[in-house]
Amino acid sequence: MAESLSWQDVLGHEGNIERLRRMLQGGRLPHALLFSGLSGVGKRKAARILAAALLCGREDAPCGVCPSCRAFLAGTHPDCIEAAPESRGKGTRVLRIEAVREIEKKIARRPLLSGRFVVLVDDADAMNEAAANSLLKTLEEPQGAVFFLLVTAKRAALLPTILSRVRDMHFGALSPETIQRALLARGVESAKAHALAAAADGSIGHALLLLEEDGLHIIDDAAHTLFSLSALDLFALWAKAEELGKLPRERAEDWLLALSRLLRDMLVLLAGGGALCHEERRGELAHALADFPEGRVFSQLGLVREALRRLQSNASARLVFEGLLLRLRDA
Ligand SMILES: [Zn+2]
């Protein structure tokens, strides 16, 4: 899909967008802004539209058709400077001091098209200390014609000195309804959109990834495993743990999150009903309640949370799942 330049393209976050537009209108936009929050909620999209608006120079939104906007869309705007981390083996991504020096060199010149520079730094948390200190010097010097837009999903990983120099704009989780609407607008079928929105943890990026990778299969698998636990012997348990242990870490977390939503849905049903995360499984969940008294569901939920915590602290996934399945069965 070709990029367009409209605030309407940002899903949700109406309050933040309203604030940004007001600051643009009043010429009160701070020279360094931080877009922080969960990954996949639209921070980068919002930063890009703000960048285009600043470069376009119209009041509070990019026009989309002027030479500046067209250059921005083509990725060739001479006054838009982008920096993102580079991969350094083993999946670690680093934004190095050379990249920051490159920015400094560019903004020392005169803007060519827009009368100002916009510097977009994606994954700003990937700056190493040297890069961050170098950027800090640039942020400390008053720069009339430069706007810095930093984007991060890991605010806590930024140096406090950087945080003290930027205005923080937090982008929270999107509601399942917002995500569901966006999926429907993309032509995703209704029941599937509902299930994906429930599984997306407030992130449209996560929902789209699940859509792409057949993430609903993960929910099916979690449900199937939960309901067949009591029939599993030790060998079947080990085999299942081994299979789950081979999932990429994020999918393994998705599997555990699906399990915890299913258990919470059972608690809702046990309490007499109400809206479920996985409404599409209401019949199946209600049917299973006979084997899942409240006390058992509560302890199973605790076990799943503990497994998630261990997985996130880099324990061996196979061992985490082995322990979990065994305890879930016997809970
Ligand atoms: Zn324009």
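Fair warning: this is a prediction, and the values are worked out from it, not measured in the lab.

### Some points on the nonpolar core
- Formed by 87 residues in total, the largest nonpolar core has its most connected members in Trp7, Phe35, Leu50 and Trp255.
- Ranked by residue count, the leading element in this core is helix 12 (residues 249-270), at eleven residues.
- When residues of this core are assigned to domains, at least three fall in each of domain 1 (7-171) and domain 2 (213-330).
- Excluding its chain neighbours within four sequence positions, the residues that come into contact with leucine 50 are Trp7, Leu20, Leu24, Leu29, Leu33, Phe35 and Leu149.
- Counting 26 residues, the second largest nonpolar core, distinct from the first, contains Ala32, Ile81, Val119 and Ala132.

### Concerning empty space enclosed by the protein
- If you walk through the whole model with that rule in mind, you get two cavities of 30 Å³ or more.
- Residue lining of the largest cavity: Leu303, Glu306, Ala307, Arg310, Val320, Leu324 and Arg327, and that is the complete set.
- Only helix 14 (294-312) and helix 15 (317-330) provide two or more residues apiece to the lining of the largest cavity.
- Counting residues per element, the lining of the largest cavity draws most heavily on helix 14, which supplies four residues.
- Residues of the lining of the largest cavity, tallied by class, amount to four nonpolar, no polar and three charged.
- In this structure, the second largest cavity encloses a volume near 40 Å³.
- Looking at the second largest cavity, the residues that line it are Ala199, Leu210, Gly215, Ile218, Ile219, Asp254, Ala258 and Arg261.
- Counting only elements with at least two residues in the lining of the second largest cavity, the list comes to helix 10 (216-228) and helix 12.
- It is helix 12 that provides the largest number of residues to the lining of the second largest cavity, a total of three residues.
- Across the lining of the second largest cavity, the residue classes break down as five nonpolar, one polar and two charged.

### Here's the deal with the coordination of the zinc ion
- For the zinc ion, every protein donor is listed as Cys56 (SG), Cys63 (SG), Cys66 (SG) and Cys69 (SG), and the spread of their distances is 2.3 to 2.4 Å.
- Coordination at the zinc ion comes from four donor atoms whose angles at the metal span 104 to 116 degrees, giving a geometry best classed as tetrahedral.
- Linear spacing of the donor residues for the zinc ion on their chain is C-x6-C-x2-C-x2-C.
- Of the residues examined, cysteine 56 reaches a relative accessible area of 16% and is grouped as buried.
- The class for cysteine 63 is partly exposed, based on a relative accessible area of 25%.

### Examining the environment of valine 304
- Along the chain, the position of valine 304 falls in helix 14.
- Of the residues examined, valine 304 reaches a relative accessible area of 1% and is grouped as buried.
- Once residues within four sequence positions are removed from consideration, valine 304 is found in contact with Leu256, Leu259, Ser260, Leu263, Leu324 and Leu328.

### With respect to the domain arrangement of the protein
- By the assigned domains, the protein splits into domain 1 (7-171) and domain 2 (213-330).
- With centres defined by C-alpha atoms, the gap from domain 1 to domain 2 works out at 40 Å.

### Let's talk about the packing of helix 12 against helix 15
- As a packed pair, helix 12 and helix 15 sit with axes 12 Å apart at the nearest point and diverge in direction by 15 degrees. As summarised for this structure, helix 12 and helix 15 are arranged roughly parallel, according to the angle between their axes. For helix 12 against helix 15, the interelement crossing comes out left-handed. Between helix 12 and helix 15, the contacting residues are Arg249, Ala252, Trp255, Leu256 and Leu259 on the first element and Ala317, Phe321, Leu324, Leu325 and Leu328 on the second.
- Of the residues contributing to the contact of helix 12 with helix 15, the split by class is nine nonpolar, no polar and one charged.

### A word on the layout of surface pockets
- Here the largest pocket defines a volume of roughly 1600 Å³.
- Listing elements by their share of the lining of the largest pocket, those giving two or more residues are helix 2 (43-56), strand 6 (146-152), helix 7 (176-185), helix 9 (204-212) and helix 12.
- Residues lining the lining of the largest pocket come from more than one domain, with at least three contributed by each of domain 1 (7-171) and domain 2 (213-330).
- Here the second largest pocket is characterised by a volume of approximately 260 Å³.
- Every residue lining the second largest pocket is counted, 15 residues in all, and those nearest its centre are Pro176, Ala197, Ala198, Arg261 and Cys277.
- Listing elements by their share of the lining of the second largest pocket, those giving two or more residues are helix 7, helix 8 (190-199) and helix 12.
- Looking at the lining of the second largest pocket, the element that brings in the most residues is helix 12, giving four residues.
- In terms of residue class, the lining of the second largest pocket is made up of seven nonpolar, four polar and four charged.

Each value, and the rule that gives it
- Residue numbers here run from 1 along each chain, matching the order of that chain's written sequence.
- Under the rules for a predicted model, residues below a pLDDT of 70 receive no local features and side-chain atom pairs below 80 are neither given nor counted, while totals for whole chains, interfaces and linings still include all residues.
- Side-chain calculation: all heavy atoms of the structure are included, whereas hydrogens and water are not.
- Put simply, buried Ala, Val, Leu, Ile, Met, Phe, Trp, Tyr and Cys residues joined by side-chain atoms within 4.5 Å make one nonpolar core.
- Throughout this description, buried means an accessible area under 20% of the type-specific maximum (1.4 Å probe, protein chains only), exposed means over 50%, and partly exposed covers the range between.
- Counting from the N terminus, the helices are the DSSP runs of H or I reaching at least four residues and the strands are the DSSP runs of E reaching at least two.
- A domain assignment, automatic or from a database, supplies the domain bounds used here.
- By definition in these notes, contact holds between two residues if any of their heavy atoms fall within 4.5 Å.
- Here a cavity is any set of points on a 1 Å grid over the protein atoms alone where a 1.4 Å probe fits but cannot get out, and a pocket is any open set with protein on both sides within 12 Å along at least 5 of 7 lines; a residue lines the site when it has an atom within 4 Å of a point.
- Grid points are joined across faces, edges and corners, and a volume is the space filled by probe spheres set on the points.
- Each residue gets one label: Ala, Val, Leu, Ile, Met, Phe, Trp, Tyr, Cys and Pro are nonpolar, Asp, Glu, Lys and Arg are charged, and the others, such as Gly, are polar.
- A donor here means any N, O or S atom no more than 2.8 Å from the metal (3.2 Å for Na, K and Ca); water is not included, so a site may seem to lack partners.
- Think of it this way: with four donors and all angles in the 85 to 135 degree range, the site is tetrahedral; with four or six donors, opposite ones beyond 155 degrees and the rest between 65 and 115, it is square planar or octahedral; otherwise it is irregular.
- Here the axes come from fitting lines to C-alpha atoms, over the contacting stretch only for helices, and the angles between their N-to-C directions go from 0 to 180 degrees.
- Throughout, the term roughly parallel applies to angles under 35 degrees, roughly antiparallel to angles over 145, roughly perpendicular to angles from 65 to 115, and oblique to all others.
- A clockwise turn of the near helix away from the far one marks a right-handed crossing, whereas an anticlockwise turn of less than a right angle marks a left-handed crossing.

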